[in-house]
Structures are given as C-alpha cells and as structure tokens.
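Structural overview for review
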Amino acid sequence: MTTSAKHFVQVTGENFTVNGEKILFRGFNLGTWMNLEHFLIGLPGTDTLIKKAFDEVYGKERTTEFFDRFLMEYMGEKDFEFLKKIGVNHLRLPFNYKYFIDDQNPGVYKNDGFKYLDHIIGLCEKYEIYAILELHSVPGGQNPDWHCDTYSGLPLFWEYGALRDTVIGLWGHIAQYYKAQPWIAAYDIVNEPSLVKDAEVFNDFYRKVLAEIRKYDREHIIFIEGNAFTTDFSMLDPVDDPQVAYEFHFYPFVKDPAVLTHEMSRERRKEIFAEEFHALLKIREKYKRPLWCGELGLVFEKEDIDFQMEIIEDMLDLCEQNDVSWALWLYKDANVMGIVYPKVETPWRQLTEEIKLVWNQHKEQEKGEALVDYMAETYFKPISKEERYPLQFRMRTIMQVICVEQNLKPYLQKRSWEEMSKLPESFRWENCEHWSELETLIEKYTKEA
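For the structure given in this document, a descriptive report is provided here.

What counts and how
- Residues numbered from 1 in each chain as written.
- Predicted model: local features only at pLDDT ≥ 70, side-chain atom pairs only at ≥ 80, totals over all residues.
- Heavy atoms only, no water.
- Core = buried A, V, L, I, M, F, W, Y, C linked by side-chain atoms within 4.5 Å.
- Buried < 20%, exposed > 50% of the residue type's maximum accessible area, 1.4 Å probe, protein only.
- Contact = heavy atoms within 4.5 Å.
- Helix = DSSP H or I, 4+ residues; strand = E, 2+ residues; numbered from the N terminus.
- Phe/Tyr/Trp six-rings, centres within 6.5 Å; stacked < 30°, edge-to-face > 60°.
- Expected span 1.5 Å × (residues − 1).
- Bend = angle between axes of the 7 residues up to and from the residue.

**What to know about the nonpolar core**
Core analysis: the largest hydrophobic core is formed by 132 residues, its most contacted members being L133 and W171. Ignoring anything within four residues of it in the chain, the contact list for W171 reads F95, L133, L135, Y187, D188, I189, V209 and I213.

**Brief notes about unusual backbone geometry**
The omega torsion of the bond from W329 to L330 falls at 15°, within 30 degrees of zero and hence cis. As for its position among the elements, L330 is in the loop between β11 (325–328) and β12 (340–342). Even without being a glycine, N19 presents a positive backbone phi close to 50°. Residue class for N19 comes out partly exposed when judged on its relative accessible area of 38%. Backbone geometry places F229, a non-glycine residue, at a positive phi of 55°. Residue placement: F229 occurs in helix α8 (residues 227–230). For F229, a relative accessible area of 18% puts it in the buried group.

**Some words on the packing of aromatic side chains**
Geometrically, a pair of aromatic rings is defined through the distance of the ring centres and the angle of the planes. Tallied over the full model, the rule gives 46 aromatic pairs. For the pair F100 and F114, a centre-to-centre distance of 4.9 Å together with 70° between the ring planes defines the contact as edge-to-face. Of this pair, F100 sits in the loop between β5 (90–96) and α5 (112–127) while F114 sits in helix α5, and the two are 14 residues apart along the sequence. Residue F100 is classed as buried on the basis of its relative accessible area of 0%. Ring plane angle 80° and centroid distance 5.2 Å describe the contact between F250 and F277, whose orientation is recorded as edge-to-face.

**Quick notes on α5**
Helix length check: α5, at 16 residues, gives a terminal C-alpha distance of 24 Å against a target of 22 Å (1.5 Å per residue), a fit within 8%. Where α5 bends most, at D118, the angle is about 25°. Looking only at α5, the buried set comprises G113, F114, Y116, L117, I120, I121, L123, C124 and Y127. Where α5 is buried, its residues contact α3 (60–73), α4 (77–85), β5, β6 (130–137), α6 (161–178) and β7 (184–188). Once α5 ends, the next one or two residues include E128, with phi positive near 55°.

Printed below as a string of structure tokens:
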C-alpha cells in the first residue's frame, strides 16, 4: 500500500480492505435519483422524456427548479441516521451523463452533477458510509433498455467510438475532482452493458477509461461490469491494474419468474438461486479479484411482504456465504423496490397513484411486445421469442413517447405550479415510511459482522 492509499478502500487479492482490514460492502443503491426510472418514481417515460414533459407544461426555468429541489430533498441527515443505525457501510450512486455533458457541446463539461454528488458524499463522509459512483446512462445507451435513458432501443454506445471517447474523458474529469476523497470507495464505469457484439471494442473501452482515470487517480478502485446486463464476462480480458474489481447483478427471477410464486417450495427456489449464483462466482475464479453484487432486489407488496423477505434473505445469504459484497436495489422510491418510500397521503404519491390507474411498466412492455408480434404476423411472418427480444426494446421507446403524451402530461397539466413545486418535499424522511421487515433482515447481516 502506498502512503497516499492510506484510508482508501483497496483491492487486496480477492478481498476489499481498508488500512489492511478486510471489509465486505453491505448497502443500497440510490437509484431513480440522478437517473429517473419510470416505474420506480411512478412517472412514465425515460429520464429525458419525463423532464421534457415538465419543460413543456411548466417551462424550462421551473423544471430546473423542480428537479434541483427533488435532488436535494431526496436524501437528508435523517436518512443517513437510519442507514447508520441499520449498519449500512456503502451507497452506490447511479447518475446520468447529462449532468456533466451537453449533447450539443460535448467538449465542455458541465459541473451540475458535482453539486448533487457532493451533497451525498458529504453526508457519507459525516456518517462514515462509503460512496461508489456509478454511471447509469451514457450517450447512445450502453444497453437497449429504458433505464439507460435511451431514445432508440439500441445500445449505440458500442457502435461509435466518438460516444465512448466522450465517456472516457468524463471519467478523467470526475477522477481529477475526487482523487483525494477516501469516502468514495470506487468508480463503477458503466451500468449493465448489453448486446455488446465486439469483444475488442469492449476491452478497448475499459483499457482506455482505466488509463484516463489513472492519469489523475491511482488509488480508487474501478469496477468493471460484463455483458448481458453484467452477467456475462466471457468477452472481457483480465487487466493488470491492481485496483480493479468486478461487479455482477443478481436478478434470478428474470430467467424463471416461477421462483416468485408461492407454489414453488423455498428449497427448490434456493437451489435455482444457488445454481445461478455459483455460475457468477466463476468471475472471481477467472480474474482472482473481489466481487461485488452491485444490484439485487425485488418489488415489495404489503400483502406479500413476509414471503418477499424470504426471497431477499435467500439472495443475501448467497452473498454472505460466498464472501460477496452487496448493494440492494434500492434505498428510496415511490413504494416499489425501496426500503423507504413517501406515505400514500403525500403529494407525490397522490400523483403517482392517479397515474397508476392508466399506466404501469408491465402494460407498457406487454403492448410493445404485442406490437412487434402484430407487425411481424401481419406484414411479414411470425417471429420467435429470441428474434423478438432485441426488437421489443425499439418498440418500447415508441410506447414511452405515447405514454408520456397520454399518461403523464395530462396529469401534470391538471396541477398548478404551486401544487407541483411542493412534490419534492414528499421524499423528506418525515414524510416517508419504511419496511421494518427489511430493516430487521439487513441488521441480521450487519449486526453479526
């Protein structure tokens, strides 16, 4: 360890350490904060489309004011007191590139993002909770899905070197700014790459971004994510940077939704989870570096919360038993996957409960898939599920534009600016409640550590 590395989290063999002492990350993602996700925040559209709808209804100046308040109200001292109480030791901070890069002037960095990141990192430092900075959205989209704020439904980031160069430079800019901040544990370069076709492009991007960061910052850990929403690392070559670690995400029910049913026994579900998890552990065998499960989580429902806690427990047990750090997706949202959420009587929830009567992400996805099938069957010939998979993302981008026009803007137009300007206060700790069942479960791991 270099003298300057003292107090920084470091990679030591297959472990994370601080001043020579092993640390296992246990914590949360601060999702749908600096990158809005429609079903989590309760508003249809991508981050960009939601803000565009606000622009059109309330004007640009008021929209800027609204989201500034949202970002600053979302987390406060009381949230960190709660996190500290339950033993959390880190937060993953997803952010959208647009806080730093203007698409029309990519050569000049904006510094808007530092205001909001500094707000959280300052609280992290005060409460001795590590932050991991994670780029959730990049120009062109690193995967085809809506959560990377893509317009096209295509992962165009991997098609154009100019887009990748923009992000490489951005990480250098961020590293320069935060190089001396030990309460930042790591930089998570890009969230959930997917449909990457060219291994050389994939490896070249990571080589270049590592080199750019290391011009300014030799100490911070850098996380590398794999293909297929960071579940497939077959394309990625090992790197010789000693402070690189690897990150996967664990949503085992995506492949087999039956694991979320009461009909399946818990023992059988645990077998399915273990099989998929142990396949991901091969990442550690390949690279001989520590692993972090940067996302795992579930949608929570009051009537089924005890059963859902069993599922979360089964996933977290796998992490703990196999010495894998973990971050639950997520800390706070509009009562979907977060441990903390605004009370139903708050203005934000009143708006989203009204929108929920006409829109949800599952209906949007089903309609997008149905439209792909209809076009194929009507004008061409039926296609397989495998053929439909990449096409559905493109259709969903069209669906999102329609949903914003029909299921978001009318509900904004019904509310005055005076009403809307108070909505961000809904996320203050005193206006929220939380799942005590999840609190108890988390303490099972943090208090025994």
